[in-house]
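Coordinate inspection notes
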Amino acid sequence: MKTYIGIDGGITGALAAIHPDETWQLKPVAVVDCGKDPLLDVSANFAFIQEAAQRAGGLTNLVVVFEHAKKNPIFGAKGNFANGRHTEFWRVLLTFAGISFAWVDPNTWQADVFRGIAGADTKTKARLYIEQRYPAVKLEEFKSRSQLEGLRDAMCIATWARSALK
């Protein structure tokens, strides 16, 4: 029995672990406030993964997948640079920790997870999917819209990983 961790890895992203008993472990991505450009926090984000691994019975029972944001012309140079920096953060952290991982293009997980959900807005689709699939999960403690969107995306990535990477 595996625990699946989905990571929406940007500054406003989140980590979501779904355990074999269908319980969730959720946390917004931890950042270090460096002024103008906050950085992802190595220790705090790694601690979440360690906690999930401990609950799963070790790293061998963990499947970690992070979203690999592709280059997008509407983001501009600064936005694309940030996406690349965040992708590399997760790749390097997981590699140095000796944790096997995979990454997924957003279009890939969204096409699978959102199948049958009408509409064009992916954030709305993620909300609908999580509300319908996991009605017992309460996200009231997370107040900001960006935190909620990151958590829902991370949850969707984790559920995608569980079905796609068995």
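Note: the structure precedes this text.
The paragraphs below set out a description of the structure included in this document. From a predicted model like this one, the values you see are computed outputs, not experimental measurements.

**Some thoughts on the environment of Glu149**
Mapped onto the elements, Glu149 comes out in helix 5 (residues 145-164). A relative accessible area of 19% places Glu149 in the buried class. Along the primary structure Glu149 and Ala126 are separated by 23 residues, whereas in three dimensions their C-alpha atoms are 7.8 Å apart.

**Here we look at the side chain of Lys125**
Mapped onto the elements, Lys125 comes out in helix 4 (residues 122-133). The buried charged residue Lys125 lacks any salt bridge, with Asp121 as its nearest oppositely charged partner at 9.2 Å. Residues in contact with Lys125, not counting those within four places in the same chain, are Phe114, Ile117, Ala118, Gly119 and Ala120.

**Focus: the layout of surface pockets**
By volume, the largest pocket is sized at about 640 Å³. At the level of elements, strand 6 (62-67), helix 2 (76-96), helix 3 (106-113), helix 4 and helix 5 are the ones that each hand at least two residues to the lining of the largest pocket. A per-class count over the lining of the largest pocket returns six nonpolar, 13 polar and seven charged.

Definitions and limits used
Residues numbered from 1 in each chain as written. Predicted model: local features only at pLDDT ≥ 70, side-chain atom pairs only at ≥ 80, totals over all residues. Heavy atoms only, no water. Helix = DSSP H or I, 4+ residues; strand = E, 2+ residues; numbered from the N terminus. Buried < 20%, exposed > 50% of the residue type's maximum accessible area, 1.4 Å probe, protein only. Lys, Arg positive; Asp, Glu negative; His and termini not counted. Salt bridge = Lys/Arg side-chain N within 4 Å of Asp/Glu carboxyl O. Contact = heavy atoms within 4.5 Å. 1 Å grid on protein atoms, 1.4 Å probe; cavity = no way out; pocket = protein on both sides within 12 Å on 5 of 7 lines; lining within 4 Å. Points joined across faces, edges and corners; volume = space filled by probe spheres on them. Nonpolar A, V, L, I, M, F, W, Y, C, P; charged D, E, K, R; others polar.

These results come straight from atomic positions and should not be treated as a statement about function.
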